[in-house]
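Residue-level listing of the chains:
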Amino acid sequence: MTNIPETGRTPRVQTRLVVIQILVLSLLGTLGGRLWYLQIREGAQYQKEASGNHVQQVVQPAVRGSILDARGVPLADNETRLVVSASRTDLLKQKDDGKAVLTKLAGVLGMDPQEVMQKVRLCDAKTPQPCWNGSPYQPIPVTDEANPKQALQIRERSEDFPGITAEPEAVRRYPGPGESNTAQVLGYVSPVTDEELKKSEDTDSPYLRSDMVGRNGLERQYDKALRGKAGVTRYEVDNLGRVIGKAKSDTPVPGSNLVTSIDSRVQRVSEYELDKAMKAARTQYDSITGENYKADSGAVVVMEAKTGRIVAMASAPTYDPNVWVGGISAKDYKQLTGKDSDYPLLNRAIQGQAAPGSTFKVVSTAAAVQAGYPWDGGYPCTSSYSVGSQVFKNFEGESFGPISLGRALEVSCDTVFYGLADKEWKRDGGINPKKGEPKDWFFKTAHEFGLGAKTGVDLPNEVTGRIPDRKWKQAYWEANKDAWCKYGKKDGTYVEKIAWENCREGNKMREGDEINYSIGQGDTLLTPIQEAVMYGAVSNGGTMYQPTIGKAIISPDGKTVTPIKPTKSGRLPVSQATLKGMNEAFAGVITRGTAAWKFGGWPQDKIPLHAKTGTAEVYGKQTTSWLATYSKDYTVIMTIAQAGTGSGASGEAVRNIYSALYGVQADGSIDNKAALLPHPQQGLPKVRTDGTIASPKVKGDPAKDVENAQKNNASNGQDQQPATSPSPTSTSNTRRRPRRRPRRRGSRRTQP
């Protein structure tokens, strides 16, 4: 017999097994409880923390495509600069979050330490500029103006600058070939915003945080093509931002190049002549205001008459678009947007709207013909036109007797158009039109000329101008009636009387409204680009074109060329017979009419020019100068605010632009070798096999070259007069008109 149990286990072993079983069960219970705690009770929290371990993107920006002129000369391209950047990931590994490193970096770069730290901080709702609104995993540019010595110092002492790099990178540049500027046409680029990122998510071209986006001009209009596609490297990172692996990498695709119809040489000449004309106007005395003309803004448009392609577009005042590169300073931004800046960011060729004055008579003439008045009718050009007690005077009381519509355009006879508009107003029923729709030929024709609407030019933020027809008057009255009625007084000041009149009947088409409208005054507003379209149509036989600056988009490898073809936008509502009469009249303006004193000696038999002058009155300001001209190839429009008469302020400048285009010398001879663009540019620049685009070098300053060539020739005495000097009384009526009764927008006379 033995004391060993049948199981073969001694009591001591049995006890040990029980203890082990208890321990195992306890461990399993503890493990189960822990799993319950982690997965059930705290599962949401740990899931949130685990989500921090995900893929982050590091973006390699694509090289932005160039913007080229019609010959391939770069207007906007990229240049390699030494860019010093900081990695937030590496800086945050430092005990002080990289403050010491950034302070040393500021010393090397000659920058303020606070400025450097501000540049690398992340943007949010509470953080003002400067700050970084891109990905925190993306190297953050500190400066793109480092010199080689500074870059070498940073790279050789890399242990002192952890997280800091100094590498050559491509940055935007606006080279200004031949001293041209083209700022408002080109626009500028800046980093994408959070709002833009969100809006682009569901588009076919979503933004990335590192993208530089076009903000204005062609940079904005053609941003999608110019931007290309950034390269993206995807890293797996933990919730502390530490890289734990590399997922995928895509190489960047450069942006396409945009070829424009701009000729940088003609652009420079246009900018130079506009600036010179404005400076000359400021030396001339305005006898009405008792001070010199202010000539504070202006614009020029040079357009191909048969295609609508823009050859030059200048706006003044202007600025250097390079101020936006690398981020604009607070000082520069104030100079561009402050109250005393005259707002150079505005492109006055498409955003500047003003009363067109007598250049609008091309519309009124077409309206009269449409209304049934014969071209060769004998219309009285009297010294004045009376409506009740109100007297509308012709220029300096001039009287030409009965004349045709063509002659009325030549001498710019106001009273002919007063009479025609007044007759139509009465025919439509006067202030209370007959039942049914009034004919309103003068307003209907303006809309048929494309006025009161955008031309569709391929630039952002174009304005519509204004045709003050019955529909507009009603809407304007409804918007302002309460203010007029509150402010107006029957026997108050002039402005108070006008407000009182507008309160009572500002929604009605009154006799004085249509009379003023017929000569481009009152509430009528046009832009230079609108004038270019309608005078270009007169030149080419009646076809209106949508103005375009883009000519073709060329892929980075040069293998794909997408042309941007001219688009017809309509036809002028005039017959070929009427167009012929208009052409003869506008040629007469150059040879014997209101612009003759500025175009004496021009080779009209070889290069026929046509023109219409305009001097528009603006309430509270000096008169606006307009000069609308065309040849068989081009339309040139110039306007200068507060500068005097149409031909007086703008005549010489416009003539000089044509002289540069065709090579016309001061003595009237033609030097074909000196001609910048005697015929519109045909075709596109040559694309090399490697995708680069051949471009000629622009030597010197084309505007100065043309000016010097003119000086070296025999001068034409008639063309050397000051820009706003009085015209000879024997040739035209281009002298300043005596001011009529001052009027402000929306003001109306009491009808007789």
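Residues numbered from 1 in each chain as written. Predicted model: local features only at pLDDT ≥ 70, side-chain atom pairs only at ≥ 80, totals over all residues. Heavy atoms only, no water.

Trainee: Quick one: what's the story with the overall build of the protein chain, residue by residue and with numbers?
Mentor: Check the secondary structure of the protein chain and you find 24 helices and 25 strands. Expressed as a percentage of the 752 residues in the protein chain, the buried residues total 52%. (Helix = DSSP H or I, 4+ residues; strand = E, 2+ residues; numbered from the N terminus. Buried < 20%, exposed > 50% of the residue type's maximum accessible area, 1.4 Å probe, protein only.)

Trainee: Pulling in residues and values, what's your account of the state of the cysteines?
Mentor: Under the counting rule described, the total for this entry stands at two disulfides. Between the sulfur of cysteine 381 and that of cysteine 413 lies a disulfide, 2.1 Å long from S to S. A torsion of 110 degrees about the S-S bond marks the disulfide between cysteine 381 and cysteine 413 as right-handed. Of this pair, cysteine 381 sits in strand E15 (residues 379-381) while cysteine 413 sits in the loop between helix H15 (405-411) and helix H16 (414-427), and the two are 32 residues apart along the sequence. When its relative accessible area of 0% is taken as the criterion, cysteine 381 is described as buried. Residue cysteine 413 is classed as buried on the basis of its relative accessible area, which comes to 1%. Across the disulfide from cysteine 485 sits cysteine 503; the S-S distance is 1.9 Å. The disulfide joining cysteine 485 to cysteine 503 has a torsion of about 90 degrees about its S-S bond and is therefore right-handed. (Disulfide = S-S within 2.5 Å.)

Trainee: Give a detailed account of the nonpolar core, specifying residues and quantitative values.
Mentor: Note on soluble globular proteins: their nonpolar side chains tend to be buried together. In this structure, Leu218, Val362, Val416 and Leu451 are the most contacted members of the largest nonpolar core, which totals 88 residues. The residues touching valine 362, leaving out its near neighbours within four places in the chain, are Leu409, Phe449, Met534, Tyr535, Val538, Met582 and Phe586. Counting residues in each nonpolar core, the second largest holds 41 residues, with Val269, Val311, Met638 and Ala703 among its members. (Core = buried A, V, L, I, M, F, W, Y, C linked by side-chain atoms within 4.5 Å. Contact = heavy atoms within 4.5 Å.)

Trainee: Can you lay out the sheet that holds strand E24 (residues 624-630) for me, pointing to particular residues and giving the numbers?
Mentor: Taken in spatial order, the five strands make up an open sheet running E14-E13-E25-E24-E23, and their pairing is antiparallel. The sheet is open, and its two borders are formed by strand E14 (310-316) and strand E23 (610-616), each paired with just one other strand. When strand polarity is set aside, the average angle formed by the axes of neighbouring strands in this sheet is 5 degrees. One ladder, built from eight bridges, connects strand E13 (residues 297-304) with strand E25 (residues 634-641); its direction is antiparallel. If you follow alanine 299 over to E25, its bridge partner there is threonine 639. This element, helix H11 (residues 264-281), spans E13, E14 and E25 of the sheet and lies at about 30 degrees to E14. (Pairing = 2+ DSSP bridges. Axes fitted to C-alpha atoms, helices over the stretch in contact; angles between N-to-C directions.)

Trainee: Describe H11, and please don't skip the residues or the numbers.
Mentor: Along its 18 residues, H11 runs 26 Å from first to last C-alpha, staying within 8% of the 26 Å computed at 1.5 Å per residue. Burial analysis of H11 places 14 of its 18 residues in the buried class, the great majority of the element. (Expected span 1.5 Å × (residues − 1).)

Trainee: Residues and numbers for the packing of helix H4 (residues 99-109) against helix H5 (residues 113-120), please.
Mentor: With their axes 8 Å apart at the nearest point, H4 and H5 run at an angle of 125 degrees to one another. In terms of orientation, H4 lies oblique with respect to H5. Note on packing geometry: the crossing formed by H4 with H5 is right-handed. Residues Lys99, Leu102, Thr103, Leu105 and Ala106 of H4 pack against Pro113, Val116, Met117 and Val120 of H5. (Parallel < 35°, antiparallel > 145°, perpendicular 65-115°, else oblique. Left-handed = near helix turned anticlockwise from the far one by under 90°.)

Trainee: Explain unusual backbone geometry residue by residue, including any values.
Mentor: Note on backbone geometry: most residues besides glycine have negative phi, and most peptide bonds are trans. Omega for the bond connecting alanine 316 with proline 317 falls within 30 degrees of zero, at 0 degrees, which places this linkage in the cis form. By the element assignment, proline 317 lies in the loop between E14 and helix H12 (330-337). Residues other than glycine seldom take positive phi values, yet threonine 182 does so here, at roughly 60 degrees. Owing to a relative accessible area of 2%, threonine 182 belongs among the buried residues under this scheme. In this structure, glutamine 642 takes a positive phi of about 55 degrees despite not being glycine. Here glutamine 642 lies in the loop between E25 and helix H23 (646-662). Here glutamine 642 falls in the buried class, since its relative accessible area comes to 7%.

Trainee: So what about the side chain of serine 412? Which residues, and what values?
Mentor: By the secondary structure assignment, serine 412 is in the loop between H15 and H16. By relative accessible area, which is 2% here, serine 412 ends up buried. At a separation of 3.1 Å, a polar atom in the side chain of serine 412 contacts the side chain of lysine 612. (Polar contact = N/O pair within 3.5 Å; in protein donor to acceptor, adjacent residues only side chain to side chain.)

Trainee: Got a sec to walk through H4? Specific residues and values, please.
Mentor: Along H4, the residues that are buried comprise Val101, Leu102, Leu105, Ala106, Val108 and Leu109. The arc that holds the buried residues of H4, viewed along the axis, is 160 degrees, so those residues lie on one side. Away from its buried face by more than 90 degrees, H4 exposes Lys99 and Gly107. (Arc of directions from axis to C-beta.)

Trainee: Could you give an account of the side chain of threonine 307, with specific residues and numbers?
Mentor: Mapped onto the secondary structure, threonine 307 falls in the loop between E13 and E14. Side chain to side chain, threonine 307 and glutamate 304 meet in a polar contact 2.6 Å long. At a separation of 3.2 Å, a polar atom in the side chain of threonine 307 contacts the main-chain amide nitrogen of arginine 309. In this view, threonine 307 contacts Tyr545 and Pro566; residues no more than four positions away in its chain are not counted.

Trainee: Break down the pairing of E25 for me, citing the residues and quoting the values.
Mentor: Remark: a regular strand shows side chains that alternate across the two faces of the sheet. Along E25, seven of the eight residues are buried, which leaves the element largely enclosed by surrounding structure. Where E24 meets E25, six bridges bridge the pair, whose relative direction is antiparallel. Counted as the bridge partner of threonine 629 is valine 636 from E25.

Trainee: So what's going on with the packing of helix H14 (residues 361-370) against H16? Residues and values would help.
Mentor: Relative orientation of the contacting elements H14 and H16 amounts to 45 degrees, with a least axis distance of 11 Å. It follows that H14 is oblique to H16 by the angle criterion. The crossing of H14 and H16 is left-handed. Contact residues: Lys361, Ser364, Thr365 and Ala368 in H14; Asp414, Phe417 and Leu420 in H16. Its residues assigned to classes, the contact of H14 with H16 shows three nonpolar, two polar and two charged. (Nonpolar A, V, L, I, M, F, W, Y, C, P; charged D, E, K, R; others polar.)

Trainee: Tell me what's going on with the packing of aromatic side chains, and back it up with residues and numbers.
Mentor: The full count for this structure, using the stated rule, is twelve aromatic pairs. Relative to tyrosine 418, the ring of tyrosine 385 lies with its centre 6.4 Å away and its plane at 50 degrees, an arrangement referred to as tilted. Of this pair, tyrosine 385 sits in strand E16 (residues 384-387) while tyrosine 418 sits in helix H16, and the two are 33 residues apart along the sequence. Clustering of aromatic rings is evident, with ring pairs tying together Tyr188, Trp324 and Tyr333. A cation sits over an aromatic face here: lysine 104 above phenylalanine 161, 5.9 Å from the ring centre. Sitting over the ring of tryptophan 597, lysine 598 keeps its end group 4.4 Å from the ring centre. (Phe/Tyr/Trp six-rings, centres within 6.5 Å; stacked < 30°, edge-to-face > 60°. Lys NZ or Arg CZ within 6 Å of the ring centre and 35° of its normal.)

Keep in mind these numbers describe shape, not what the thing actually does.
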